[in-house]
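Summary of structural features
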Amino acid sequence: MAEMMQFDLVSPERKLASGQVRAVQIPGAEGDLTAMPEHAPTITTLRPGVLVTEGAEGEARYVVTGGFAEITPEATSVLAERAYGADAEGRAALEAILTETREKAAALTGPDKDAMDKIAEDLARTIDTIS
Amino acid sequence: MPSLKDLKNRIESVKSTRKITKAMQMVAAAKLRRAQEAAEAARPYAEKMADVVNGLAASVAGSDTAPRLLAGTGSEQTHLLVVMTAERGLCGGFNSSIVKIARYRAEKLIGEGKTVKILTVGKKGREQLRRDLGAHLVGHIDLSEVKRVGYENAAEISSKVFEMFEAGEFDVATVFYNRFESVISQIPTPVQIIPAEVPEDAGAKTLYDYEPSEEAILEDLLPRAVTTQIFTALLENGASEQGARMSAMDNATRNAGDMIDRLTIQYNRSRQAAITKELIEIISGAEAL
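Residues numbered from 1 in each chain as written. Chains lettered and ligands numbered in written order. Predicted model: local features only at pLDDT ≥ 70, side-chain atom pairs only at ≥ 80, totals over all residues.

1. Describing the overall build of chain B
- Within chain B one finds six helices and six strands.
- Helices and strands appear in chain B in the N-to-C order α-α-β-α-β-α-β-α-β-β-β-α.
- Referenced to the eigenvectors of the C-alpha coordinate spread, the extents of chain B come out at roughly 110 × 40 × 35 Å.
- Sorting the 289 residues of chain B into buried and exposed places 34% on the buried side.
- Within chain B, contacts between residues separated by at least 24 positions form 79% of all contacts whose residues are at least 6 apart in sequence. (Helix = DSSP H or I, 4+ residues; strand = E, 2+ residues; numbered from the N terminus. Buried ≥ 20, exposed ≤ 12 C-beta atoms within 10 Å, placed from the backbone. Contact = placed C-beta atoms within 7 Å.)

And the structure:
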């Protein structure tokens, strides 16, 4: 069984990370999942959360705000709407997004508001995790 | 016959024009490199997105639950043309070539009795289209303040398009932009974004598990795919604009050089003629004595 697999993290504007990893923890919309080599082919949407990769040089942490992940036995590609490193800069960016999301949620009603509220909640939790 | 003074002034003025076009060419070259890098960096995302959406779309297409962005409204009556041009001129045929194919398409659709609405991105296209298709313009997105096109700009355009789609203002949307081929060749290209076009052979190569369901993912993904397509078009257009400007300014610089050479020859000949004339006057004056 393969030890490592290809991992790519791309945002619309650029490629953020690419390399060989042992495992990737993905914040899926239906719950977290960890992809390892030989994982069954899966496509899942993401919720705002922390993405952790375990590579040869240890762990790397990123924050993503949504998007989707394509997992195949050989490779995992995460297409994030917006992604940052899990550091002070990423935290500042997330906080800005959180404020924006809360404003949007305040303007909505019904199921749209619930969905937006959930995103805000996920964002807030992510900020807590990395700070 | 212009006087020597006039010729000299003329040469000076062409020289300063050449300096300007040369500078513009170099600025365009630098910007082109940046624009190309941006377009390149965005490619992996766009390709992956297209792959996944095509795979999904192929398996959902035809079913009753297919999202409207994919299946369309069931009608083809109202067309929205999104015409992307530059904010500035002096870039050869860049703006005109997009406007030309957009106008051609618009006239064809109108001829077929369809309703045409035009959304312009970039000032130049709006100026050109206002003359004969002014009544069809429904909106304009101004990017003149934007130094570097980002995903947010694409999101701004797509949210406007979705808003109109939700409101039932059109059935089919097509984006017109210049595809960057090389510095000397940019190809005006129409791309239909709504309903999404799925290539015939797009059947999924791998059988994926979908989490949540295929429909739910597609619902979430399609708007993003459309935004990504618009983003790609914006970036390609940006690179094309700089490429077109670079070659236009290169031509202008060369023309200015030729003109300076011609004027210099003319100047030298006039000067020589004036000297000869004076000599003849002196000699014939001396002989008459």
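2. Points about the overall build of chain A
- Tallying secondary structure elements over chain A gives two helices and nine strands in all.
- Starting at the N terminus, the α and β elements of chain A follow one another as β-β-β-β-β-β-β-β-β-α-α.
- Taken against the 2.2 N^0.38 rule, which gives 14 Å for 131 residues, the C-alpha radius of gyration of chain A at 15 Å falls within 12% of a compact globule.
- Considered along the principal axes of its C-alpha atoms, chain A spans approximately 50 × 30 × 25 Å.
- Here chain A, with 131 residues, has 37% of them falling under the buried criterion.
- Across chain A, the fraction of contacts at a sequence separation of at least 24, relative to all contacts at a separation of at least 6, is 50%. (Rg over C-alpha atoms; globule rule 2.2 N^0.38 Å.)

3. Some words on the pairing of strand E6 (residues 58–64) of chain A
Residues and elements named next belong to chain A.
- Sheet topology note: the strand E5 (residues 49–55)/E6 ladder contains seven bridges and is antiparallel. Pairing of valine 52 across the sheet is with arginine 61, part of E6.
- Count of turn residues in the E5/E6 antiparallel hairpin: two residues.
- Pairing of E6 with strand E9 (residues 83–85), which is carried by three bridges, proceeds in the antiparallel orientation. Across the sheet, residue valine 64 finds its bridge partner in E9, namely alanine 83. (Pairing = 2+ DSSP bridges.)

4. Re the nonpolar core
- Within the largest apolar cluster, 92 residues are counted, with the highest numbers of intra-cluster contacts made by B:Val82, B:Val83 and B:Met84.
- For this core, the element with the highest residue contribution is helix H6 (residues 214–288) of chain B, accounting for 16 residues.
- Residues from two domains meet in this core; each of domain 1 (5–85) and domain 2 (88–130) of chain A gives at least three.
- Those residues in contact with B:Val83, other than ones at most four positions away along the chain, are B:Ile98, B:Val99, B:Ala102, B:Ile118, B:Thr120, B:Val121, B:Gly125, B:Leu129 and B:Phe176. (Core = buried A, V, L, I, M, F, W, Y, C linked by C-beta atoms within 7 Å. Domains from an automatic or database assignment.)

5. Digging into the interface of chain B and chain A
- At the interface, 21 residues of chain B touch 20 residues of chain A.
- For the side of chain B that touches chain A, the secondary-structure elements that each account for two or more residues are helix H1 (4–60), strand E6 (209–211) and H6 of chain B.
- Of the residues that constitute the side of chain B that touches chain A, the class distribution is 14 nonpolar, three polar and four charged.
- Strand direction decides the pairing type here: strand E4 (residues 42–46) of chain A and E6(B), joined by three bridges, are parallel. Following the sheet pairing, A:Ile43 is matched in E6(B) by B:Tyr210. (Nonpolar A, V, L, I, M, F, W, Y, C, P; charged D, E, K, R; others polar.)

6. What to know about the environment of B:Val99
Residues and elements named next belong to chain B.
- Take valine 99: it is sitting in helix H3 (residues 94–111).
- Residue valine 99 is classed as buried on the basis of its C-beta count, with 24 C-beta atoms lying within 10 Å.
- In the structure, valine 99 is positioned 31 residues away from arginine 68 in sequence and 29 Å away in space, judged by C-alpha atoms.
- When sequence neighbours within four positions are dropped, the list of residues in contact with valine 99 reads Val83, Thr85, Gly125, Gln128 and Leu129.

7. Some points on the domain arrangement of chain A
Residue and element names in this part refer to chain A.
- Under the domain assignment, chain A is made up of domain 1 (5–85) and domain 2 (88–130).
- Centre-to-centre, using C-alpha coordinates, domain 1 lies 21 Å away from domain 2.
- Facing the eight residues of domain 1 at the interface are 11 residues of domain 2.
- Among the residues forming the side of domain 1 that touches domain 2, the class breakdown is four nonpolar, three polar and one charged.

8. A few points about the sheet that holds strand E3 (residues 137–141) of chain B
Residue and element names in this part refer to chain B.
- If you walk across this open sheet you meet the five strands as E3-E2-E1-E4-E5, and the pairing is mixed. Here the strands that pair on one side only, and so sit at the sheet edges, are E3 and strand E5 (185–194). Sheet twist, expressed as the average angle between the axes of neighbouring strands with direction ignored, equals 25°.
- Here strand E4 (residues 172–182) pairs with E5 via nine bridges, running antiparallel. Considered in E5, the bridge of phenylalanine 176 is made with proline 190.
- The strands touched by helix H5 (residues 151–166) within the sheet are strand E1 (78–84), strand E2 (115–121), E3, E4 and E5, with E3 carrying the most contacts at an inclination of about 155°.
- Its contacts with the sheet place H6 against E1, E4 and E5, and it is angled at close to 40° to E4. (Axes fitted to C-alpha atoms, helices over the stretch in contact; angles between N-to-C directions.)

9. As for unusual backbone geometry
- The omega torsion of the bond from B:Ile194 to B:Pro195 falls at -10°, within 30 degrees of zero and hence cis.
- Examined against the element boundaries, B:Pro195 turns out to sit in the loop between E5 and E6.
- Residue A:Glu38 is not a glycine yet carries a positive backbone phi of 70°.
- Inspection of the secondary structure assignment puts A:Glu38 in the loop between strand E3 (31–35) and E4.
- Judged by C-beta crowding, with 11 C-beta atoms within 10 Å, A:Glu38 ranks as exposed.
- With a phi close to 55°, B:Leu90 is a non-glycine residue in the positive phi region.
- Tracing the chain through its elements places B:Leu90 in the loop between E1 and H3.
- We classify B:Leu90 as partly exposed; it has 15 C-beta atoms within 10 Å.

10. Details of the packing of H1(B) against H6(B)
Residues and elements named next belong to chain B.
- Here H1 crosses H6 at 160°, and the two axes come no closer than 5 Å. Overall, the two elements H1 and H6 adopt an arrangement that is roughly antiparallel. Handedness of the H1/H6 crossing: left-handed.
- Split into classes, the residues belonging to the contact of H1 with H6 amount to 37 nonpolar, 15 polar and 13 charged. (Parallel < 35°, antiparallel > 145°, perpendicular 65-115°, else oblique. Left-handed = near helix turned anticlockwise from the far one by under 90°.)

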